[in-house]
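Chain and residue survey
The residues making up each chain are set out below.
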Amino acid sequence: MCDEEPSLEQKEDDHSEKDDRQTISLLDLPIEIFLHICSFLDAPTLVHNLCLVCKQFYQILNDDLLWKVRISQIWPKTDYPVLPPAEDDELFWKLSCVAIEKQASLWRNENSMEKLSLTNVQYSTIDGLLLMHDGKICISGARDRSLVCWNLPVEENDHVTYTCRDFAHDGWIWDLTAIDNKVYSCSWDRSIKAWALTPTGLFHFKTYEMIVSGALLCVASCPDLPVFATGSFCKTVLVFDSRAGYSPIARYRPHQRAVIRLAMSSNHILSASEDRTVSIWDLRAEKTMKTITISKESFPMSMSMHKDLIYVGDSSAKLHVLDPKKDFEPVKCYETEHKKGITGVHFTPGCVITSSMDKTVRISSPTDPPQHLTTLTCGYGEIASIDYLNGVLAVSGTEGIEIWRPRIIT
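All of these numbers come straight from a predicted model, not from anything done at the bench. (Residues numbered from 1 in each chain as written. Predicted model: local features only at pLDDT ≥ 70, side-chain atom pairs only at ≥ 80, totals over all residues. Heavy atoms only, no water.)

1. Overview of the overall build of the protein
Regarding its fold elements, the protein presents six helices and 28 strands. Overall, the protein is about 110 × 50 × 40 Å in size when its C-alpha atoms are taken along their principal axes. Burial analysis of the protein (410 residues in total) assigns 53% to the buried set. Restricting to contacts in the protein with at least 6 residues of sequence separation, those with at least 24 account for 47%. Just so you have it, the protein exposes about 20700 Å², and 50% of that area is on carbon and sulfur atoms. If the 41 positive side-chain charges of the protein are averaged to one point and the 55 negative ones to another, these points end up 12 Å apart. (Helix = DSSP H or I, 4+ residues; strand = E, 2+ residues; numbered from the N terminus. Buried < 20%, exposed > 50% of the residue type's maximum accessible area, 1.4 Å probe, protein only. Contact = heavy atoms within 4.5 Å. Areas by Shrake-Rupley, 256 points an atom, 1.4 Å probe, with all protein chains shown as cover. Lys, Arg positive; Asp, Glu negative; His and termini not counted. Charge placed at Lys NZ, Arg CZ, Asp CG, Glu CD.)

Have a look at this one:
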């Protein structure tokens, strides 16, 4: 019996056992080799997919040092972030790397973005610009007093559609903001109007009459509270609760000249003025914390506010950084290579976007110092306003809007 040859089934079983013993998975690889393989994958794949496969992958990819190295490879010889992050933010380095890789890929590759032109509807400078619904809808307000709701294409063969409210105000429309699905427009006619965004366009349902003697030049809302504020030519800031009546819940006068830009958080209102200062108002204490002189030669024109830092663009094309953790003190100042004042600034974890009266938009890294990614030139003259949401950039000038966004993949 011992001399008998193994059956065919026995041979197949033995062969299968040998194959099983020789199979090597990613789990068996040394960490160095596993990380080398990961270096060929993009950050979103690592964070949103591979990191969730098993506990071992999660533990390896949960090391902040890995993400710091990847960021330093994208932007060598720079510091990131510009200011220290919150210590309790466990996802900061992972999500920052995802955002930085995404923005660098989009703006470095000229074929990754498409440009749409929205024109032949408003026939004057478009100062109010607002993106909504993840960048699928654009609201624009112009000096011809019209308010337009643009529906951007969501599929390759779609076309831009719009609805227009002629004479939405009795004066130039100067700025826009939103709370949930409602749009707030401010005007030189000294009023703010509230509009409900519906499938058929904008429906007017409320008008806030201001007890001020000058035009309203800016409006901003809080991302966490149903509160908005407006700044006026007569140096006054008025704060409203959108759930309440027509009267302001707070009124203060922090500047010596016109209030031209506002930014809000759940705790503070920042106002920028032609008197060359930025004032910080404490919403809870209802008092001015401090007033900061940005520059002796120029005045602040634009702001982008986040919990960890504030960017301020001024009339001499410089970009200033304020640190909320240090009592909003100015801590850094950068040259931008713009030739004229910065009319808009938008900060994301992946990039810093600045627009200027020199008709250009510059996309830079969110590092210290900022590194140039690309420059866009607006075809509608001096840039009046910009907005950025979900990878979509809107730029407005005289009589037209340009939309830059990732190409639709079918």
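We are not done yet, so read on.
2. Here's the deal with the packing of aromatic side chains
Tallied over the full model, the rule gives 16 aromatic pairs. Taking 5.3 Å as the distance between ring centres and 45° as the angle between the ring planes, the aromatic pair formed by Trp 150 and Tyr 162 counts as tilted. Remark: Tyr 162 occurs in strand 5 (residues 161-165) and Trp 150 occurs in strand 4 (residues 147-151); sequence separation between them is 12 residues. Residue Trp 150 is classed as buried on the basis of its relative accessible area, which comes to 3%. Residue class for Tyr 162 comes out partly exposed when judged on its relative accessible area of 44%. For the ring pair Phe 228 and Phe 240, a centre distance of 5.3 Å and an interplane angle of 10° mean the geometry is stacked. You can see Phe 228 sitting in strand 11 (residues 227-232) and its partner Phe 240 sitting in strand 12 (residues 237-241), a full 12 residues away along the chain. Above the ring of Trp 75, the side-chain terminus of Arg 108 is found at 4.6 Å from the ring centroid. (Phe/Tyr/Trp six-rings, centres within 6.5 Å; stacked < 30°, edge-to-face > 60°. Lys NZ or Arg CZ within 6 Å of the ring centre and 35° of its normal.)

3. A short note on helix 6 (residues 92-108)
In this model, helix 6 (17 residues) spans 24 Å end to end at C-alpha, consistent with the 24 Å of a helix rising 1.5 Å per residue. Helix 6 sits mainly inside the fold: 13 of its 17 residues count as buried. (Expected span 1.5 Å × (residues − 1).)

4. A look at a nonpolar patch on the surface
On the surface, Leu 26, Ile 33 and Ile 37 cluster together into a nonpolar patch covering about 230 Å² of accessible area. With respect to the helices, strands and loops of the structure, Ile 33 is situated in helix 2 (residues 31-38). (Patch = residues over 30% accessible without salt bridge, like charges linked within 9 Å, V, L, I, M, F, W, Y side chains within 5 Å. Salt bridge = Lys/Arg side-chain N within 4 Å of Asp/Glu carboxyl O.)

5. Comments concerning the nonpolar core
One finds Leu 61, Trp 67, Trp 107, Ile 353, Val 361, Ile 363 and Leu 393 to be the most contacted residues of the largest nonpolar core, which totals 39 residues. Setting aside residues up to four positions removed in sequence, Ile 353 forms contacts with Gly 344, Val 345, His 346, Val 361, Arg 362, Ile 363, Ile 386, Tyr 388 and Leu 393. (Core = buried A, V, L, I, M, F, W, Y, C linked by side-chain atoms within 4.5 Å.)

6. So, the UniProt feature "repeat: WD" (unreviewed entry) in the protein
Annotation from UniProt places "repeat: WD" (unreviewed entry) at residues 252-291. Taken as a whole, residues 252-291 contains 0% helix and 60% strand, while its terminal C-alpha atoms sit 13 Å from one another. (UniProt positions renumbered as here; feature names shortened; annotations may be inferred.)

7. Concerning the pairing of strand 10 (residues 216-221)
Of all six residues in strand 10, six are buried; the element is thus mostly enclosed. What sits between strand 10 and strand 11 in their antiparallel hairpin is a turn of five residues. (Pairing = 2+ DSSP bridges.)

8. Notes on the environment of Lys 235
Relative to the elements of secondary structure, Lys 235 occurs in the loop between strand 11 and strand 12. Separated by 65 residues in the primary sequence, Lys 235 and Asp 170 place their C-alpha atoms 21 Å from one another. Apart from the residues within four sequence positions on either side, Lys 235 is in contact with Tyr 252, Arg 253, Pro 254, His 255, Gln 256, Arg 257, Ala 258 and Val 259.

9. Quick notes on the sheet that holds strand 3 (residues 137-142)
The strands making up a sheet are joined through hydrogen bonds of the backbone, oriented either antiparallel or parallel. The antiparallel open sheet is built from four strands, whose spatial order is 2-3-4-5. Across the chains shown, the open sheet's two edge strands, defined by having one partner strand only, are strand 2 (126-132) and strand 5. Put simply, the sheet's adjacent strands are angled 15° from each other on average, direction ignored. Pairing analysis gives five bridges linking strand 4 to strand 5, with the strands arranged antiparallel. Counted as the bridge partner of Trp 150 is Tyr 162 from strand 5. (Axes fitted to C-alpha atoms, helices over the stretch in contact; angles between N-to-C directions.)

10. Here's the deal with a negative patch on the surface
Together, Glu 87, Asp 88, Asp 89 and Glu 90 give the surface a local cluster of negative charge. Its place among the elements puts Glu 87 in the loop between helix 5 (64-74) and helix 6.

11. What to know about the side chain of His 338
Position of His 338 among the secondary structure elements: in the loop between strand 21 (329-335) and strand 22 (342-347). On the basis of relative accessibility, which here comes to 7%, the residue His 338 falls in the buried class. Only 2.8 Å separates the side chain of His 338 from the side chain of Thr 354, close enough to count as a polar contact. Once residues within four sequence positions are removed from consideration, His 338 is found in contact with Ala 317, Thr 354, Ser 355, Ser 356, Asp 358, Thr 360, Val 361 and Arg 362. (Polar contact = N/O pair within 3.5 Å; in protein donor to acceptor, adjacent residues only side chain to side chain.)

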